[in-house]
Amino acid sequence: MGTPAFPNLGKHCSVEDCKQIDFLPFTCDRCNEVFCLQHRSYTTHQCPVANPHDVTVVICPLCAKSVRLIPNQDPNITWETHCNTDCDPSNYQKATTKRRCPVRGCKETLTFSNTIKCKDCLIDHCLKHRFGPDHKCPGPKKPESAFPFVGMLSRSQKNTNSNNSSSWWNTIRASAEASMQKLTIATNQAFSTGASSSGGGALVEQCTQCNARFANVSALIEHAERTHGKNSRAQKITTNEEFCR
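Quick caveat, the model's predicted, so the values are computed rather than measured.

Counting its regular elements, the chain contains 6 helices and 10 strands. Counting every position in the chain, which comprises 245 residues, the buried fraction comes to 17%. Contacts in the chain between residues far apart in sequence, at least 24 positions, make up 12% of those at least 6 positions apart. Taken as a whole, the chain presents about 19700 Å² of accessible surface, with 55% of it coming from carbon and sulfur.

Two elements, strand 5 (residues 56-59) and strand 6 (residues 66-69), share 4 bridges in a ladder whose sense is antiparallel. Following the sheet pairing, T56 is matched in strand 6 by L69. Adjacent in sequence and paired antiparallel, strand 5 and strand 6 are bridged by 6 residues, among which A64 carries a positive phi angle near 65 degrees.

Another point: the environment of C18. Relative to the helices and strands, C18 resides in the loop between strand 1 (11-12) and strand 2 (21-22). The exposure class of C18 is partly exposed, given its relative accessible area of 23%. As a C-alpha pair, C18 and Q38 span 20 residues in sequence and 9.5 Å in three-dimensional space. Ignoring anything within four residues of it in the chain, the contact list for C18 reads C13, C36 and H39.

A word on the pattern of salt bridges. Following the criterion strictly, the structure yields 3 salt bridges and no others. When the shortest N-O distance is used, the salt bridge between R99 and D124 registers 3.0 Å. Within this pair, whereas R99 is found in the loop between helix 2 (91-96) and strand 7 (116-117), its partner D124 is found in strand 8 (residues 124-125), the two being separated by 25 residues in sequence.

The next thing to look at is unusual backbone geometry. At K19, a position not held by glycine, the phi torsion is positive, near 55 degrees. With respect to the helices and strands, the residue K19 is situated in the loop between strand 1 and strand 2. Residues other than glycine seldom take positive phi values, yet A64 does so here, at roughly 65 degrees. Within the fold, A64 resides in the loop between strand 5 and strand 6. Owing to a relative accessible area of 22%, A64 belongs among the partly exposed residues under this scheme.

A separate point is the side chain of H39. Considering the arrangement of structural elements, one finds H39 in the loop between strand 4 (34-35) and strand 5. A relative accessible area of 14% means that H39 is categorised as buried. Not counting residues within four places of it along the chain, the set of residues in contact with H39 comprises C13, V15, C18, T44 and H45.

Core analysis: the largest hydrophobic core is formed by 7 residues, namely C13, V15, C28, F35, C36, C47 and A50. Sequence-distant contacts of C36, that is, excluding residues within four places in its chain, are made with C13, C18, Q20, D22 and F26. C101, V103, C106 and C126 belong to the second largest nonpolar core, which has 5 residues in total.

There is a patch of nonpolar side chains on the surface, built from L9, I21, F23 and L24 and spanning about 370 Å² of accessible area. Among the secondary structure elements, I21 is positioned in strand 2. A relative accessible area of 31% places I21 in the partly exposed class.

A few words on the state of the cysteines. Taken as a whole and assessed by the stated rule, the structure comprises 0 disulfides. Free cysteine C60: the closest other cysteine sulfur is in C63, separated by 3.6 Å. Residue C60 is classed as buried on the basis of its relative accessible area, which comes to 1%.

What follows is about the side chain of H135. One can find H135 in the loop between strand 8 and helix 3 (148-158). Polar contacts involving the side chain of H135 include one to the main-chain carbonyl oxygen of H129, which spans 2.9 Å.

So, about the packing of aromatic side chains. On inspection of all chains with the given rule, the structure shows 0 aromatic pairs. The aromatic ring of F26 is capped on one face by R40, whose charged end is 5.8 Å from the ring centroid.

Interpretation of this model should avoid reading the predicted coordinates in detail wherever pLDDT is low. With 71% of its residues at a pLDDT of 70 or more, the chain has an overall mean of 76. Low pLDDT (under 50) marks residues 234-245, which in the prediction has 0 contacts with non-local residues, meaning those over four places away or in another chain.

Rules of the game
Residues numbered from 1 in each chain as written. Predicted model: local features only at pLDDT ≥ 70, side-chain atom pairs only at ≥ 80, totals over all residues. Heavy atoms only, no water. Helix = DSSP H or I, 4+ residues; strand = E, 2+ residues; numbered from the N terminus. Buried < 20%, exposed > 50% of the residue type's maximum accessible area, 1.4 Å probe, protein only. Contact = heavy atoms within 4.5 Å. Areas by Shrake-Rupley, 256 points an atom, 1.4 Å probe, with all protein chains shown as cover. Pairing = 2+ DSSP bridges. Salt bridge = Lys/Arg side-chain N within 4 Å of Asp/Glu carboxyl O. Core = buried A, V, L, I, M, F, W, Y, C linked by side-chain atoms within 4.5 Å. Patch = residues over 30% accessible without salt bridge, like charges linked within 9 Å, V, L, I, M, F, W, Y side chains within 5 Å. Disulfide = S-S within 2.5 Å. Polar contact = N/O pair within 3.5 Å; in protein donor to acceptor, adjacent residues only side chain to side chain. Phe/Tyr/Trp six-rings, centres within 6.5 Å; stacked < 30°, edge-to-face > 60°. Lys NZ or Arg CZ within 6 Å of the ring centre and 35° of its normal. pLDDT = per-residue confidence, 0-100.

Spelled out as structure tokens, the structure:
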């Protein structure tokens, strides 16, 4: 066995009728025997300890789920346990129906390897229709308005056919009109107050000698110089003479 340079190279197959020397032998992970390429599987070399480790799976005809049969257990018990726990008949159509490309006339089945989601419309298509012009992509969705009140009004206008939405819209509109009316009244009052204070409507300055009222300080000074100027000078001269005596 082997060669003079490599005497331990290769081993004989453990099957009695074979005994073929194999330089790349296979070791069974159940019985730990060495086999050739032809007898490497459990079935071909009839492995005596492979059955407890076999994995047998059956497809449920009700929900299309895979049910693993437990070794050394009655398959009827395993089946009954599945039916009483996780069997969902509504999942059958979803599991068995094949997804297809939504483009009209395309019959391509969508699988894991040939499915592309459009970044604009977010719909899965096949490789042939992955670009927007090929599947007539409507484009990205319009973003919501930055003002929530405007978006609320636009959504309410779309639902005017519904009685509930109509009454809701009427309430919102009445509240908005009342607020706008109050704002208009307050603005008009502010403007009228400012105009009266600056335009001469209200007399806020009063002369201390004759109790005459004027709209501003300039008018009061002009009145005092024109009307009470001579009297004021005479009073000052008289006061100075009395002080000197």
